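Reading the structure
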Amino acid sequence: MDNLLDRALGLDGRGDRWPLLGKVVLVEDCVETGGAFVVHHIIKRFLSPQPAAASNHSLILVAFSQPLSHYDRVLRKLGCNLVAQRDHDRFLFFDMLNLRFPGEEFRDDVKTGSSVLVSLFEKIYNAVRALSAEKNCITIVIDDIALMEVVANGSSDSVLDFLHYCRTLTSEFDCSVVALNHGDIYSTTEKPMLMLNLEYLSNILVRAEPLATGSAVDVHGQLMVFNKGEHDGQGTPGSKVHNFHFRVKENSVDFFYPGGRG
Amino acid sequence: MATPKTRASSFSRNVPSTAAPQVPGVKSGPNGTLFLSSGISDLDKILGGGFPLGSLVVVMEDPEAPHHMLLLRNFMSQGLVLNQPLLYASPAKDPRGFLGTLPSPVSSKDDKPLNRDSEQEKGLRIAWQYKKYFGENQQNSNSQRDNKFEFCNEFDLRKPLQRQFLSGQRVECMSTQDSPDLAALHDRCATFLKQFFRTDGNISGAGRIAIQSFCAPQCTYFDKEWHVLSFIRSLRSMIRSSNAVVILSFPPSLLSPSFSKRLQHMADTLLSVRAIPDEDKDLAKLLTGYQDMIGLLSVHKVARINTQVPIILEAATFSIKLQKRKFLVLECLNQAPVDGSSGTSYATSGSCSVSSKGGSLDF
């Protein structure tokens, strides 16, 4: 059941341990090619692992972009029942979509924006602490960072602080952090500090781009996976870049090398 | 929300699904979504049914031509004809004046644009496993032609919308020019959308919000980018839990590129309109029917609610034409046959890869 993406992310091992423990995965996409399917794939792999013994996996989804109903339907088609997982306390949904700041929203108040992120981090920290007390393996998914910047009223410092704090969770509690961001927003900025910092912070970078030849029905785009610290077979540490194409379907995603569509 | 009959497995009974919600003007679609018509039947077809309820449609304007108004007008008229309440906001001092330019629907006794569908289906050899889908369509097509007008009308751009549709509480107008910030517009939208709050029961009605030329320079909030994004984020969240569609047009050329990209990412459906230069000899050689085109419409993103599968269109750019000078139609671009008689045709080339203007056309 392994595919090219699993191999690139290191999810194809046979061990019981979740390979992305303590790692930060950054998924970048653009308007032409959405990268949400990568996040859905990781969620599915995490919550429905092959060996059923790994049932202590808990996922926290911080959703700025879509309501729970959307994720529920998408993941259900991929074979993962989020509502059932939530009932078993294996899935926590932080609904940031319905965050409303009556009146305060449109004032030039950077402090309000950053205080939202501060309280969000507190919530996440408490949840992680509670879950890890039960020896759970935790992944935090953030969808997406561009909207988090809007919630913070454009204060990229607050967003960066928030993500740095999330990263401390990876070392303190051995969580994984998976975040989605839109790379093309920063492509025209001269010094995209947030983007550069994020790419530096992350252990694995997954970039979804359209094909150079334009859109096609059979190939929806190409993925570039940069796994820093990926070990090759001999055990020597190094980084590896993987490139392949993909086609997104309702129940799964096909990954294949260019020209290898079959 | 009324869930349509979705096929759980391939072994379902071949019963034609008549699970259309009782509300006129709302059609059920895949993945439990409901559609509203855009008012342009060609656009509904291109987008796979229409605009999904709960989605945000963004139209990128071209400063050289007001074609986005065509889209807005048809959208607004369609809603009013189907008794769907409308909230319209624009930077004009008196937005109500715009309502006088809305087109009137064509009644059945007037002549209609050619129904191209039936012509195309004749003589199709349908592979056996797909017959079950076509069988359903053919059964329903006759009744659907009458029902079609309950979802999408053809509009005559030369006739204004009858007064009866504009009266009453159905239409609210708001000017965005004078408000110092977006709080007023935000509150107006919130109040409007409260009546369409989505519950698990059957839907009682659908609403439409049309915001024209958002971030136009004459608005005082024009340079407050993060406020604007905050407003759109909040609007998007409100619409997600409502049985309504918001269409918003903005001028990307007047905004910073990164801000424009952020807005584009927040859109569920992203369209752009472009002017066609008059008397462009290169384009005239490149495309058939160039003289009849009034503009170009590009589809950049199609709403994907409740699914992760992108909709890949065979062609992303369409020409906007007026059929019989009154009906708005969208057509695929067709490359004109290269003139082989002239010896220098390679050098002067009508091929799209060489013409720099044609390079941005995607067909």
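- As recorded in an unreviewed UniProt entry, chain B goes by Elongator complex protein 4 and comes from Eucalyptus grandis.
- The UniProt entry for chain B carries this comment under Pathway (unreviewed entry): "tRNA modification; 5-methoxycarbonylmethyl-2-thiouridine-tRNA biosynthesis."
- Turning to chain B, the UniProt annotation filed under Sequence similarities (unreviewed entry) states: "Belongs to the ELP4 family."

Digging into the interface of chain B and chain A
- At the interface, 34 residues of chain B touch 47 residues of chain A.
- Interface area for chain B against chain A, summed over the two sides, is near 3,400 Å², with a carbon-plus-sulfur share of 56%.
- Looking at the side of chain B facing chain A, the largest losses of area belong to Arg233, His265 and Gln308 of chain B, adding up to 23% of the total buried there.
- Glutamate 149 of chain A is the salt-bridge partner of arginine 262 of chain B, the closest N and O atoms lying 3.2 Å from each other.
- The interface formed by chain B and chain A includes 14 residue pairs in polar contact (both at pLDDT 80 or more).
- Of all the secondary structure elements, the ones that give two or more residues to the side of chain B that touches chain A are α6 (183–194), α7 (225–240) and α8 (257–266) of chain B.
- Sort the elements by how many residues they give to the side of chain B that touches chain A and α7 of chain B lands first, with 11 residues.
- When the residues that make up the side of chain B that touches chain A are grouped by side-chain class, the tally is 14 nonpolar, 13 polar and 7 charged.

Focus on empty space enclosed by the protein
All names here are of chain A.
- This structure, assessed with the given rule, holds 5 cavities of 30 Å³ or more.
- Approximately 80 Å³ is the volume found for the largest cavity.
- The wall of the largest cavity is formed by Val24, Val25, Leu26, Leu163, Cys166, Arg167, Val177, Ala179, Leu198, Leu201 and Ser202.
- Mapped by element, the contributors of at least two residues to the lining of the largest cavity are β1 (24–29), α7 (156–173), β5 (176–182) and α8 (193–201).
- Here the lining of the largest cavity is built from residues that sort into 9 nonpolar, 1 polar and 1 charged.

Re the packing of aromatic side chains
- This model, assessed by the stated rule, comprises 13 aromatic pairs over all chains.
- Ring geometry for tyrosine 125 of chain A versus phenylalanine 173 of chain A: centroids 5.8 Å apart, planes at 65 degrees, classification edge-to-face. Residue tyrosine 125 of chain A is found in helix α5 (residues 110–133), and its partner phenylalanine 173 of chain A is found in helix α7; the two are separated by 48 residues along the sequence.
- For tyrosine 125 of chain A, a relative accessible area of 23% puts it in the partly exposed group.
- Take phenylalanine 173 of chain A: its relative accessible area is 16%, and that puts it in the buried class.
- Aromatic side chains phenylalanine 244 of chain A and phenylalanine 255 of chain A sit 5.7 Å apart centroid to centroid with 85 degrees between the ring planes, which places their arrangement in the edge-to-face category. A residue pair is termed long-range when its members are at least 10 positions apart, and phenylalanine 244 of chain A in strand β8 (residues 237–248) and phenylalanine 255 of chain A in strand β9 (residues 253–256) qualify at 11 residues.
- Through a chain of ring-to-ring contacts, three or more aromatic side chains come together here, namely Phe121, Tyr125, Phe162, Tyr165 and Phe173 of chain A.
- A cation sits over an aromatic face here: lysine 123 of chain A above phenylalanine 94 of chain A, 4.8 Å from the ring centre.
- Over the aromatic face of phenylalanine 75 of chain B sits the side chain of arginine 208 of chain B, whose NZ or CZ is 4.8 Å from the ring centroid.

Notes on the pattern of salt bridges
Residues and elements named next belong to chain B.
- Within this structure, the stated rule accounts for 14 salt bridges over all chains.
- As a salt-bridge pair, aspartate 42 and lysine 45 come within 3.9 Å of each other at their nearest N and O atoms. Here lysine 45 and aspartate 42 lie together in helix α1 (residues 41–46), a separation of 3 residues that amounts to about one turn.
- Of the residues examined, aspartate 42 reaches a relative accessible area of 8% and is grouped as buried.

Digging into unusual backbone geometry
- At the junction of aspartate 143 of chain A and aspartate 144 of chain A, the peptide bond is cis and its omega measures out at -5 degrees in the coordinates.
- Although it is not a glycine, asparagine 153 of chain A adopts a positive phi angle of roughly 60 degrees.
- Summarising the element assignment, asparagine 153 of chain A is placed in the loop between α6 (145–151) and α7.
- Since its relative accessible area comes to 15%, asparagine 153 of chain A is described here as buried.
- Positive phi, normally seen in glycine, also occurs at cysteine 215 of chain B, with a value near 65 degrees.
- Within the secondary structure, cysteine 215 of chain B is located in the loop between β9 (207–211) and α7.

Remarks on the packing of helix α2 (residues 36–47) of chain A against helix α3 (residues 68–78) of chain A
Residue and element names in this part refer to chain A.
- At a closest axis distance of 10 Å, the pairing of α2 and α3 adopts a crossing angle of 65 degrees. Considering only the axes of α2 and α3, their crossing is right-handed. For the pair α2 and α3, contact is made by His40, Ile43 and Lys44 and by Tyr71, Val74, Leu75 and Leu78, respectively.

Observations regarding the sheet that holds strand β1 (residues 26–28) of chain B
Residue and element names in this part refer to chain B.
- Strand order in the open sheet made by the 3 strands is β1-β2-β3, with antiparallel pairing throughout. Edge positions in the sheet fall to β1 and β3 (51–52), since each of these pairs with one other strand and no more.
- Strand direction decides the pairing type here: β1 and strand β2 (residues 34–36), joined by 3 bridges, are antiparallel. Along β2, the bridge assignment pairs lysine 27 with phenylalanine 35.

About the criteria used
- Residues numbered from 1 in each chain as written.
- Chains lettered and ligands numbered in written order.
- Predicted model: local features only at pLDDT ≥ 70, side-chain atom pairs only at ≥ 80, totals over all residues.
- Heavy atoms only, no water.
- UniProt positions renumbered as here; feature names shortened; annotations may be inferred.
- Contact = heavy atoms within 4.5 Å.
- Buried area = accessible area lost by both parts, 1.4 Å probe.
- Salt bridge = Lys/Arg side-chain N within 4 Å of Asp/Glu carboxyl O.
- Polar contact = N/O pair within 3.5 Å; in protein donor to acceptor, adjacent residues only side chain to side chain.
- Helix = DSSP H or I, 4+ residues; strand = E, 2+ residues; numbered from the N terminus.
- Nonpolar A, V, L, I, M, F, W, Y, C, P; charged D, E, K, R; others polar.
- 1 Å grid on protein atoms, 1.4 Å probe; cavity = no way out; pocket = protein on both sides within 12 Å on 5 of 7 lines; lining within 4 Å.
- Points joined across faces, edges and corners; volume = space filled by probe spheres on them.
- Phe/Tyr/Trp six-rings, centres within 6.5 Å; stacked < 30°, edge-to-face > 60°.
- Buried < 20%, exposed > 50% of the residue type's maximum accessible area, 1.4 Å probe, protein only.
- Lys NZ or Arg CZ within 6 Å of the ring centre and 35° of its normal.
- Axes fitted to C-alpha atoms, helices over the stretch in contact; angles between N-to-C directions.
- Left-handed = near helix turned anticlockwise from the far one by under 90°.
- Pairing = 2+ DSSP bridges.

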